Amino acid sequence: MSKPIVILGAGGLAREVQYIFDALRETGEDIRLLGFIVDAEYGQPGTIVNDLPILGDLSWLAANAEKVQAICGVGESHLRYQFVKRAEETGVAFTNAIHPNCTFSRYVTFGKGVVLAAGCNLTSQIALADHVHLNLATTIGHDVVMEPFSTTAPGAHISGNVTMQTGAYLGTGAAVIPKKTVGAWSIVGAGAVVTKDLPANVTAVGAPAKVIKTRAAGWHALR
Ligand SMILES: CC(C)(COP(=O)(O)OP(=O)(O)OC[C@H]1O[C@@H](n2cnc3c(N)ncnc32)[C@H](O)[C@@H]1OP(=O)(O)O)[C@@H](O)C(=O)NCCC(=O)NCCS
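Just so we're clear, the structure is a prediction, and the values are computed from it rather than from any experiment.

Thresholds, definitions, all that
- Residues numbered from 1 in each chain as written.
- Predicted model: local features only at pLDDT ≥ 70, side-chain atom pairs only at ≥ 80, totals over all residues.
- Heavy atoms only, no water.
- Helix = DSSP H or I, 4+ residues; strand = E, 2+ residues; numbered from the N terminus.
- Rg over C-alpha atoms; globule rule 2.2 N^0.38 Å.
- Buried < 20%, exposed > 50% of the residue type's maximum accessible area, 1.4 Å probe, protein only.
- Contact = heavy atoms within 4.5 Å.
- Areas by Shrake-Rupley, 256 points an atom, 1.4 Å probe, with all protein chains shown as cover.
- Lys, Arg positive; Asp, Glu negative; His and termini not counted.
- Charge placed at Lys NZ, Arg CZ, Asp CG, Glu CD.
- Salt bridge = Lys/Arg side-chain N within 4 Å of Asp/Glu carboxyl O.
- Near = heavy atom within 4 Å.
- Polar contact = N/O pair within 3.5 Å; in protein donor to acceptor, adjacent residues only side chain to side chain.
- Nonpolar A, V, L, I, M, F, W, Y, C, P; charged D, E, K, R; others polar.
- Core = buried A, V, L, I, M, F, W, Y, C linked by side-chain atoms within 4.5 Å.
- Pairing = 2+ DSSP bridges.
- Axes fitted to C-alpha atoms, helices over the stretch in contact; angles between N-to-C directions.

Student: Quick question: what am I supposed to make of the overall build of the protein chain here?
Tutor: In terms of helices and strands, the protein chain carries three helices and 24 strands. A compact globule built from 223 residues should have a C-alpha radius of gyration of about 17 Å, and the protein chain, at 17 Å, falls within 12% of that. Each of the three principal axes of the protein chain carries a C-alpha extent, and together these read 45 × 40 × 25 Å. A total of 223 residues make up the protein chain; the buried ones form 51% of that total. Taking contacts inside the protein chain between residues at least 6 apart in sequence as the whole, the part at least 24 apart equals 31%. Per element, the accessible surface of the protein chain, about 9,700 Å² overall, is 55% carbon and sulfur. Across the protein chain, the mean location of the 17 positive side-chain charges is 7 Å away from that of the 17 negative side-chain charges.

Put into structure tokens, the structure is as follows:
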């Protein structure tokens, strides 16, 4: 029997991850969800969220790290990175949450802590690194690399031979044309179309996507 699961975070994406596990359980998988882990300022132990309790903060996880497995339910790449890095210090193992109606070939590889929301379709030779999140109805074509902590919002489309570098974020309905790279910790706005490589640490919007903001390298780790 696999270890029970705790979800890091208790916000919108965390409740969506809960739904993925509920859907998996309905297919007969042996899934036990214990509850949510949040920093104390976001909720007190015992508070009920969607029928599940907030268990406590990372000190709860540290005390129970051997008995559970975790998954991060934080949507934004840089906030997920920060939470996961702190959670890793407890030694907890991470599991994946893949909604049963997603489709993907046997040539898709998965790291740990990966989330695929309902309706994702992935084809061939796609590498999903640790803590990649693909939100609802994301499509990904052949030969795509999703580096750690890269993220898509609902309805994003990634064409063939694209690289999403570490922490890169694609907003709702955004698209990337083939062979382009979205730089590390860059954010692509909702509805944008990436037609040229984007450097690291920028925000780009529009079709074709244009850079409107550049952050200092390392911004993603600042709390
Ligand atoms: C691109 C984005 C990150 C910019 O956020 P921001 O850095 O706070 O920037 P602002 O809201 O100050 O907007 C800056 C400018 O870009 C424009 N802009 C913002 N988002 C835009 C978008 N998606 N497309 C086109 N223009 C956009 C704003 O209108 C503003 O223009 P102005 O300077 O002429 O007034 C954000 O608007 C966005 O699209 N996020 C995606 C969110 C998403 O998909 N979430 C999914 C959750 S599941």
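Student: Mind showing me how you'd approach the pattern of salt bridges here?
Tutor: Side-chain pairs of opposite charge can arise whenever the charged atoms involved come near each other. Under the defined criterion, the tally for this structure stands at five salt bridges. Residue Glu88 pairs with Lys85 through a salt bridge whose shortest N-O separation is 3.2 Å. You can see Glu88 and its partner Lys85 sitting in helix H3 (residues 77-88), three residues apart, about one turn around the helix. A relative accessible area of 30% means that Glu88 is categorised as partly exposed. What emerges from the salt-bridge pattern is a single network uniting Asp39, Arg86 and Arg223.

Student: Quick question: what am I supposed to make of the site of the ligand here?
Tutor: The immediate surroundings of the ligand are formed by Ala153, Pro154, Tyr169, Gly171, Thr172, Ile187, Gly189, Ala190, Thr203, Val205, Ile212 and Lys213. Here a nitrogen atom of the ligand and a side-chain polar atom of Tyr169 are 3.4 Å apart. In the complex, 40% of the free accessible area of the ligand, which totals 910 Å², lies under the protein chains. Contributing elements (two or more residues each) for the shell around the ligand: strand S23 (202-205) and strand S24 (210-214). Of the residues contributing to the shell around the ligand, the split by class is seven nonpolar, four polar and one charged.

Student: How should the nonpolar core be read in this particular structure?
Tutor: The biggest cluster of nonpolar side chains holds 31 residues, and the ones touching the most others in it are Leu116, Leu122, Leu128, Leu134 and Met146. Contributing elements (two or more residues each) for this core: strand S11 (126-128), strand S14 (144-146) and S23. Leu122 has contacts with Thr103, Phe104, Ser105, Val108, Leu116, Leu128, Leu134 and Ile140, leaving out every residue within four places of it along the chain.

Student: Before we go on, may I ask you to explain the sheet that holds strand S3 (residues 48-49) in this structure?
Tutor: In a beta sheet, neighbouring strands pair by backbone hydrogen bonds and run either parallel or antiparallel. Ordered in space as S3-S4-S2-S1-S5-S6, the six strands form an open sheet in which the pairing is mixed. Each edge of the sheet is formed by a strand with only one pairing partner; in this case those strands are S3 and strand S6 (93-94). In terms of strand pairing, strand S1 (residues 5-8) meets strand S5 (residues 69-72) through four bridges, oriented parallel. Across the sheet, Val6 pairs through a bridge with Ala70, a residue of S5. Where helix H1 (residues 12-26) meets the sheet, it contacts S1, strand S2 (33-37), S3, strand S4 (52-56) and S5, and its direction lies at approximately 170° from that of S2.

Student: When you look at the environment of Ser186 in this model, what are you seeing that I'm missing?
Tutor: Looking at the secondary structure, you find Ser186 in the loop between strand S20 (181-182) and strand S21 (187-188). Overall, the relative accessible area of 0% leaves Ser186 in the buried class. In this view, Ser186 contacts Gly167, Ala168, Tyr169, Pro199, Ala200, Asn201 and Val202; residues no more than four positions away in its chain are not counted. Engagement of the side chain of Ser186 in a polar contact is seen with the backbone nitrogen of Asn201, the distance being 2.8 Å.

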